[in-house]
Amino acid sequence: MSQKILLDKINVPGIKTYEVYRQNGGYASVEKALKTLTPDEVVEEVKKSGLRGRGGAGFPAGMKWSFIDKKSGKPRHLVCNADESEPGTFKDRYLMEFIPHLLIEGMITSSFALGANLSYIYIRGEYMWVFKILERAIAEAKAAGWLGKNILGTGYDLELYVHCGAGAYICGEETALIESLEGKRGNPRIKPPFPAVSGLWANPTVVNNVETIATVPWIINNSGDDYAKIGIGRSTGTKLISASGHIKNPGVYEIELGLSVDEFMNSDEYLGGMSSSRPLKAFVPGGSSVPILPAELIFKTANGEDRLMSYESLSDGGFATGSMLGSGGFIVYNDTACVVRNTWNFSRFYHHESCGQCTPCREGTGWLEKILWRIENGQGREEDIELLWSIQSKIEGNTICPLGDAAAWPVAAAIRHFRDEFEYHVRFPEKIKNRDHFVTEPFSQVKHLVGGKMIV
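Just so it is clear, the model here is predicted, and its values are computed rather than measured.

Undergrad: How should the overall build of the protein be read in this particular structure?
TA: A tally of regular secondary structure across the protein gives 20 helices and 12 strands. By the compact-globule yardstick of 23 Å for 456 residues, the protein fits well, its C-alpha radius of gyration being 23 Å. Across its three principal axes, the protein shows a C-alpha extent of roughly 75 × 45 × 40 Å. For the protein, the proportion of its 456 residues judged to be buried stands at 58%. Taking the intrachain contacts of the protein between residues at least 6 apart in sequence as the baseline, contacts between residues at least 24 apart amount to 69%. One way to put it: in the protein the 49 positive side-chain charges average out to a point 3 Å from where the 54 negative ones average out.

Here is the structure:
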């Protein structure tokens with residue numbers, strides 16, 4: 001059994017409430033940090049831990065904290081990014097819904113480290129019931145003296161609020177989130193300046209993901225060195241994985257980074273293998289924005305090494321033969337799944353969620369959706385596949401924020417690894433007009449009808 005840091009006590013009866021959480025060691029990290037450590041010492045422990053941002057980018061959290069501007073004399077802020085909107089990802093919701101005080105504790109300890117006296121949790125608009133859970137938890141923490149003026153008699157003050165978004169995926173990008181928090185339209189800002197210098201109300205600000213902040217109490221209660229011993233290489237600690245698709249045991253899992261994909265997929269402790277006798281076709285390891293991989297690149301890298309659940313191993317080979325850990329949205333497909341339809345579904349999402357600020361993203365995502373719909377519905381043309389490739393290549397790297405990349409990468413990977421499936425849709429439109437075309441006749445049985453070529 002792997003070590004549990006975040007989910008260790010999540011099944012304790014009543015753990016949602018302050019009383020039970022406190023009885024099970026809750027808020028000990030706040031006590032330790034405020035009474036025995038300086039803010040810089042807390043930052044140093046997080047640095048030592050090697051904790052990387054768990055929202056998708058994987059940037060070292062302690063290093064990000066150290067960038068915050070302390071010389072300007074302006075107020076500083078910590079903002080928790082709880083705008084969890086990546087298709088296939090639901091781990092942060094699980095934490096906030098079932099053990100909300102862990103996040104509150106992490107916010108207090110992290111705010112102390114940053115010298116922040118006013119902090120926010122920005123939660124997606126569709127999580128209204130979770131919003132109410134967090135509000136209740138904050139009220140309980142404040143009543144118990146963990147928030148407000150002169151916390152634990154140490155002279156440290158902190159006010160913490162939950163702000164509900166309006167359901168925009170783009171507000172998961174940190175500067176768009178800040179714009180929304182300020183009451184503006186959620187458009188990403190041009191950087192620099194970065195939030196660490198000029199963020200919320202032009203004050204120094206750190207934005208971190210729910211899982212990242214919820215990990216801080218364990219690091220402070222134990223040590224950064226102890227945390228760094230868990231995991232593998234630069235992928236230290238544990239990671240929450242949201243698992244879905246054609247598997248026996250979908251759900252949220254906490255794994256030690258470095259676990260093999262094979263064990264995670266097939267052991268009874270985790271996903272339990274495929275949900276039926278249908279064979280594995282593909283998987284997306286890190287949410288809808290990361291490249292899809294075919295079955296032959298899932299358990300082994302292109303070099304023949306075991307594929308591991310780590311930042312480095314999942315990206316081994318670059319996008320030619322690898323993917324990304326991303327937000328940990330682990331989606332598994334058997335051979336009944338249509339890659340073209342799945343890619344169209346993702347593209348439809350990104351087109352809908354584009355803020356429209358950048359022309360390549362605003363126009364390109366619409367064209368990706370339109371062309372993929374055409375191919376999936378039996379109206380595709382031979383040149384459409386090349387057109388898709390051309391459009392995605394003009395979006396990637398040409399936008400203010402990473403949403404453009406997130407829209408381009410799934411399309412590129414689908415064509416790179418499943419081009420013959422696209423060609424089949426174009427050449428045999430009568431066979432794919434039924435939505436469940438690969439349920440009765442899996443692509444493996446008709447693949448011989450097309451001869452695909454690879455784009456790299």
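What follows picks up the thread again.
Undergrad: Which parts of the structure should I look at to understand the packing of aromatic side chains?
TA: To describe a pair of aromatic rings, you give the distance between the ring centres and the angle between the ring planes. Here the structure, examined in full by the defined rule, presents 23 aromatic pairs. Aromatic side chains Y18 and Y27 sit 5.8 Å apart centroid to centroid with 50 degrees between the ring planes, which places their arrangement in the tilted category. Given a relative accessible area of 13%, Y18 falls into the buried group. Overall, the relative accessible area of 0% leaves Y27 in the buried class. Here the aromatic residues Y253, F264, Y270, F283 and F330 are joined through ring pairs into a cluster of three or more. Seen from the ring of Y127, R124 lies directly overhead, with NZ or CZ sitting 5.0 Å from the centre. One cation-aromatic arrangement involves K370 over W367; the distance from NZ or CZ to the ring centre is 4.4 Å.

Undergrad: Looking at this model, I keep getting lost on the pairing of strand β12 (residues 329–334). Mind explaining?
TA: Walk down a regular strand and you will see the side chains alternate between the two sheet faces. Buried residues dominate β12, accounting for six of its six residues. Because side chains alternate across β12, one face comprises the buried residues G329, I331 and Y333, and the other comprises F330, V332 and N334, equally buried. Bridging between strand β8 (residues 238–245) and β12 involves four bridges; their strand directions are parallel. By the bridge assignment for β12, A243 is matched with F330. Inspection of the sheet shows strand β10 (residues 280–284) paired to β12 by four bridges, in the antiparallel sense. Bridge pairing in β12 links F283 to V332.

Undergrad: Got a minute to help me understand the side chain of S223 in this structure?
TA: Along the chain, S223 falls in the loop between α9 (210–221) and α10 (224–228). Overall, S223 belongs to the buried group, its relative accessible area being 17%.

Undergrad: Is there a simple way to think about a nonpolar patch on the surface in this case?
TA: A cluster of nonpolar side chains, contributed by F59, M63 and F67, occupies part of the molecular surface with about 290 Å² of accessible area. Tracing the sequence through the fold places M63 in helix α4 (residues 61–66).

Undergrad: Is there a simple way to think about the nonpolar core in this case?
TA: Generally speaking, a soluble globular protein has its nonpolar side chains buried in company with each other. Counting 62 residues, the largest nonpolar core has I104 and I121 as the members making the most contacts within it. Ranked by residues supplied to this core, first place goes to helix α6 (residues 100–114) with eight residues.

Undergrad: Honestly, the packing of helix α2 (residues 28–36) against α9 in this entry has me stumped. Any pointers?
TA: Packed helices, taken two at a time, are described by their axes: the angle between them and the distance between them. Running from amino to carboxyl end, α2 crosses α9 at an angle of 60 degrees, the nearest separation of the two axes being 9 Å. Our classification of the angle between α2 and α9 gives oblique. Considering only the axes of α2 and α9, their crossing is left-handed. Across from A28, S29, K32 and A33 in α2, the residues of α9 making contact are P217, I220 and N221. Residues belonging to the contact of α2 with α9 are distributed by class as follows: four nonpolar, two polar and one charged.

How each quantity is defined
Residues numbered from 1 in each chain as written. Predicted model: local features only at pLDDT ≥ 70, side-chain atom pairs only at ≥ 80, totals over all residues. Heavy atoms only, no water. Helix = DSSP H or I, 4+ residues; strand = E, 2+ residues; numbered from the N terminus. Rg over C-alpha atoms; globule rule 2.2 N^0.38 Å. Buried < 20%, exposed > 50% of the residue type's maximum accessible area, 1.4 Å probe, protein only. Contact = heavy atoms within 4.5 Å. Lys, Arg positive; Asp, Glu negative; His and termini not counted. Charge placed at Lys NZ, Arg CZ, Asp CG, Glu CD. Phe/Tyr/Trp six-rings, centres within 6.5 Å; stacked < 30°, edge-to-face > 60°. Lys NZ or Arg CZ within 6 Å of the ring centre and 35° of its normal. Pairing = 2+ DSSP bridges. Patch = residues over 30% accessible without salt bridge, like charges linked within 9 Å, V, L, I, M, F, W, Y side chains within 5 Å. Areas by Shrake-Rupley, 256 points an atom, 1.4 Å probe, with all protein chains shown as cover. Salt bridge = Lys/Arg side-chain N within 4 Å of Asp/Glu carboxyl O. Core = buried A, V, L, I, M, F, W, Y, C linked by side-chain atoms within 4.5 Å. Axes fitted to C-alpha atoms, helices over the stretch in contact; angles between N-to-C directions. Parallel < 35°, antiparallel > 145°, perpendicular 65-115°, else oblique. Left-handed = near helix turned anticlockwise from the far one by under 90°. Nonpolar A, V, L, I, M, F, W, Y, C, P; charged D, E, K, R; others polar.

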